[in-house]
Amino acid sequence: MAEPLVVIQNLSNAYRTRAYGAFGKETVKPVLDHITLEIGQGEIFGVVGESGCGKTSLGNSLLGLIEYEGTIIIDGLRQNPHGRLRRSKELSRKVQAVFQDPGSALNPAKPIGWLLEEPLKIHGIGTKQERLQKADAMLRLVGLDPGYKTRRIQELSGGQKQRVCIGCALMLEPKLLVADEAVSSLDVSVGAQILNLFLNLHQRLGLGMFFISHNLHVVYHICDRIAVMYQGQIVELGTAQAVYSQPAHPYTQALVEAASGQPPEDPRPEPPARGGCRFAGRCPRKSRCCTETEQELRNIAPPGEAPQEVRCGLFPA
Ligand SMILES: Nc1ncnc2c1ncn2[C@@H]1O[C@H](COP(=O)(O)OP(=O)(O)O)[C@@H](O)[C@H]1O
Ligand SMILES: [Mg+2]
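Residues numbered from 1 in each chain as written. Chains lettered and ligands numbered in written order. Predicted model: local features only at pLDDT ≥ 70, side-chain atom pairs only at ≥ 80, totals over all residues. Heavy atoms only, no water.

Describing the sheet that holds strand β14 (residues 309–310)
Step number 1: The strand order across the open sheet formed by 8 strands is β8-β9-β10-β5-β11-β12-β14-β13, and the pairing between neighbours is mixed. Here the strands that pair on one side only, and so sit at the sheet edges, are β8 (95–98) and β13 (298–299).
Step number 2: Pairing analysis gives 5 bridges linking strand β5 (residues 44–48) to strand β10 (residues 208–213), with the strands arranged parallel. Residue pairing across strands places F45 opposite F210, the latter belonging to β10.
Step number 3: Contacts from helix α1 (residues 55–62) reach β5, β8, β9 (176–180), β10 and β11 (225–230), with the element oriented near 155 degrees to β10.
Step number 4: Strands in contact with helix α7 (residues 188–205) are β5, β9 and β10; relative to β10, the strand with the most contacts, it is inclined by about 160 degrees. (Pairing = 2+ DSSP bridges. Helix = DSSP H or I, 4+ residues; strand = E, 2+ residues; numbered from the N terminus. Contact = heavy atoms within 4.5 Å. Axes fitted to C-alpha atoms, helices over the stretch in contact; angles between N-to-C directions.)

Right under this line is the structure:
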């Protein structure tokens, strides 16, 4: 098998915060808890889970924006875990991002042609002429007329803005695009067009994608494999087909049953049960062992089939 595009091993992180600024007591809030996964070359890998479960923290770790413990290797290069300032230029070219709010991601004072050219300038790529040609080609690739070069981002609709953001992200020809809630702020029909654009770019460029959304239907529509996250852990990981049509973890089942594709509201988030399953407090199928024993991810797929890993005591070793 080819070398994976991304290897994440035992990735954990925590945020340190102080109430009352520098004088308050420091509290450490653990978020990601030993995340391990691989993304294949050109694969669309999805992450789904409710707000606050750690999806953005995972994406930002991949982007080298925040500190973490553990290992991230992207296209054979090991990333420095100490955050943004230590990131190599080589790695930043390989991984680019598209975020939820396309309006605020780009400088409103500059014409779109300038915005597209900027990443190439920063990396010292091409002559002026070549950069402009590439900007034109990129606008066409993301479904916009090259005439948009002279317009400014605030003159565009939400969907068009996101197309420009995607174009800017692709100018450096990354191998991986991290899309964090990239269609969540768009109307359903516009969001569907952007999803189709992602699929189209994936096919044409062989682009790998790390696609984050709180909406399971969206993730299912676009991804090859899906990881379901709950309170900083992966609770289920498998092909999109398996996770969507034969969800094994009770939390994934709740997601699939929610017609909206969004996680059911957490009535009152309970602190993680000590040593037990973090979902136990909300789980309709919990038994006593669930609150006592911490579970590992275990493959429950029949031999010879693509792995479907589940962290749940209903599937004992
Ligand atoms: N910069 C930060 N400082 C402190 N806590 C943070 C910070 N960013 C995120 N968190 C907390 O970490 C948890 C995970 O957040 P996040 O990764 O944004 O989740 P998601 O994207 O799934 O909504 C949340 O409880 C959030 O409040
Ligand atoms: Mg988020």
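Quick notes on the sheet that holds strand β7 (residues 77–78)
Step number 1: With antiparallel pairing, 4 strands are arranged side by side in an open sheet as β4-β1-β6-β7. Two strands in the sheet have a free side with no partner beyond their single neighbour: β4 (35–39) and β7.
Step number 2: Here 4 bridges tie strand β1 (residues 6–12) to β4, and the two strands are oriented antiparallel to one another. Residue pairing in the sheet places I8 in a bridge with L37 of β4.

Focus: the side chain of N13
Step number 1: Tracing the backbone shows N13 in the loop between β1 and β2 (14–18).
Step number 2: At 3.1 Å, the side chain of N13 forms a polar contact with the backbone nitrogen of L32.
Step number 3: Excluding residues within four positions of it along the chain, N13 makes contact with K29, P30, V31, L32, S57, I66, E67 and Y68. (Polar contact = N/O pair within 3.5 Å; in protein donor to acceptor, adjacent residues only side chain to side chain.)

Here we look at the packing of helix α6 (residues 158–170) against α7
Step number 1: Packing of α6 against α7 leaves a shortest axis separation of 10 Å and a crossing angle of 20 degrees. Overall, the two elements α6 and α7 adopt an arrangement that is roughly parallel. When you trace α6 past α7, the crossing you get is right-handed. Every residue of α7 that contacts α6 at G159, Q162, R163, I166 and L170 is listed here: V190, Q193, I194, L197, F198, L201 and L205. (Parallel < 35°, antiparallel > 145°, perpendicular 65-115°, else oblique. Left-handed = near helix turned anticlockwise from the far one by under 90°.)

With respect to unusual backbone geometry
Step number 1: The phi dihedral of H34 is positive, around 50 degrees, even though this residue is not glycine.
Step number 2: Inspection of the secondary structure assignment puts H34 in the loop between β3 (26–30) and β4.
Step number 3: Unlike most non-glycine residues, E173 shows phi in positive territory, near 55 degrees.
Step number 4: Mapped onto the fold, E173 is located in the loop between α6 and β9.
Step number 5: E173 sits in the exposed class, given a relative accessible area of 58%. (Buried < 20%, exposed > 50% of the residue type's maximum accessible area, 1.4 Å probe, protein only.)

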